[in-house]
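Now for the letters of each chain:
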Amino acid sequence: MRVVIGEDQFLLRDGLVRLLEAHGMTIVAALDNGPDLLNALVTEKPDVGVVDIRLPPSFTDEGLRAAIEARRQVPGLPVLVLSQYVERLYVNELLADGAGAVGYQLKDRVLDGDHFVDVLRGVAAGNTMMDPEVVSRLFTHNTRDRALESLTPRENDVLRLIAEGRSNSNIAAELYVTEKAVSKHINNILAKLQLPVSDDSNRRVQAVLAYLRH
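All values reported here derive from a predicted model rather than from experimental measurement. (Residues numbered from 1 in each chain as written. Predicted model: local features only at pLDDT ≥ 70, side-chain atom pairs only at ≥ 80, totals over all residues. Heavy atoms only, no water.)

Enquirer: It is not clear to me how the nonpolar core should be interpreted in this structure. Could you clarify?
Expert: For soluble globular proteins, the rule of thumb is that nonpolar side chains tend to be buried together. Counting residues in each nonpolar core, the largest one holds 47 residues, and the members touching the most others are L37, Y104, V158, I171 and L193. Among the elements that line this core, the one with the most residues is helix α8 (residues 153–163), at five residues. Looking at this core, you find at least three residues from each of domain 1 (2–131) and domain 2 (141–213). Excluding anything up to four places from it in sequence, L37 contacts V4, I5, G6, L31, V51, L55, G63 and A66. Among the nonpolar cores identified, the runner-up in size contains 17 residues, and L16, V17, V48 and V117 belong to it. (Core = buried A, V, L, I, M, F, W, Y, C linked by side-chain atoms within 4.5 Å. Buried < 20%, exposed > 50% of the residue type's maximum accessible area, 1.4 Å probe, protein only. Helix = DSSP H or I, 4+ residues; strand = E, 2+ residues; numbered from the N terminus. Domains from an automatic or database assignment. Contact = heavy atoms within 4.5 Å.)

Below, the structure written as structure tokens:
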């Protein structure tokens, strides 16, 4: 798997390179600023990009802007944001195109290399992989619309786990229910959110976007 890294902190950037190479990945570029990151994402078209939000030159949102622009030029380009901050606006912008293949993980919660690699592979495979802490903080401060308010507590649990990138089997194990029950809950969620008929993976992404936007 080919990876582009955008991270300005040398030790973290070097650590990511070593970690991912140890798991058999190829680092095609490891960069410390937004303009170079955008160029690498667009020209190299990696299997996934690992992007810090705040990069030089202004240390505001260059990494995020580079990721969004790269996905505009290369639709569906997988991107995993690795940040110190939980920002609802950043999550919304990252998910706005509804294409999936995005993730948002907090730096201070990356304590397990194998888990991080699994998340990265999930994003590369087209999944939406949100750090549970990101989901929890956004959920706590969300203003729920009527469609979301119509969800039952169990449906909310299922949608929260979907937002974390869990599969139906993982959700079933987490909630101690059958996969058939999970599928029923998901169908109810999609119906209540009135999502247009499309492929199941896209509808799941749209459900996550609706969940995190409100």
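Enquirer: Even after reading the chapter, I still don't get the side chain of D131, so can you show me in this structure?
Expert: Here D131 is to be found in the loop between β6 (128–130) and α6 (132–141). Among the polar contacts listed, one links the side chain of D131 to the backbone nitrogen of L106, at a separation of 3.3 Å. Leaving out residues up to four positions away in the same chain, D131 has contacts with Y104, Q105, L106 and R109. (Polar contact = N/O pair within 3.5 Å; in protein donor to acceptor, adjacent residues only side chain to side chain.)

Enquirer: It is not clear to me how the packing of aromatic side chains should be interpreted in this structure. Could you clarify?
Expert: For any two aromatic rings, the description comes down to two numbers: the centre-to-centre distance and the angle of the planes. One pass over the full model with this rule turns up zero aromatic pairs. The aromatic ring of Y85 is capped on one face by R54, whose charged end is 3.8 Å from the ring centroid. (Phe/Tyr/Trp six-rings, centres within 6.5 Å; stacked < 30°, edge-to-face > 60°. Lys NZ or Arg CZ within 6 Å of the ring centre and 35° of its normal.)

Enquirer: Would you take a moment to explain the sheet that holds β6 for this structure?
Expert: Strand pairs in the sheet, formed through backbone hydrogen bonds, run parallel or antiparallel to each other. If you trace the six strands from one edge of the open sheet to the other, you get β2-β1-β3-β4-β5-β6, paired in parallel fashion. In the strand order of this sheet, the two ends are held by β2 (26–31) and β6, each with one partner. Sheet twist, expressed as the average angle between the axes of neighbouring strands with direction ignored, equals 15°. Where strand β3 (residues 48–51) and strand β4 (residues 79–83) come together, three bridges link them in parallel fashion. Note that in β4 the partner of G49 across the bridge is V79. Strands in contact with helix α2 (residues 34–44) are β1 (2–6), β2 and β3; relative to β1, the strand with the most contacts, it is inclined by about 165°. (Pairing = 2+ DSSP bridges. Axes fitted to C-alpha atoms, helices over the stretch in contact; angles between N-to-C directions.)

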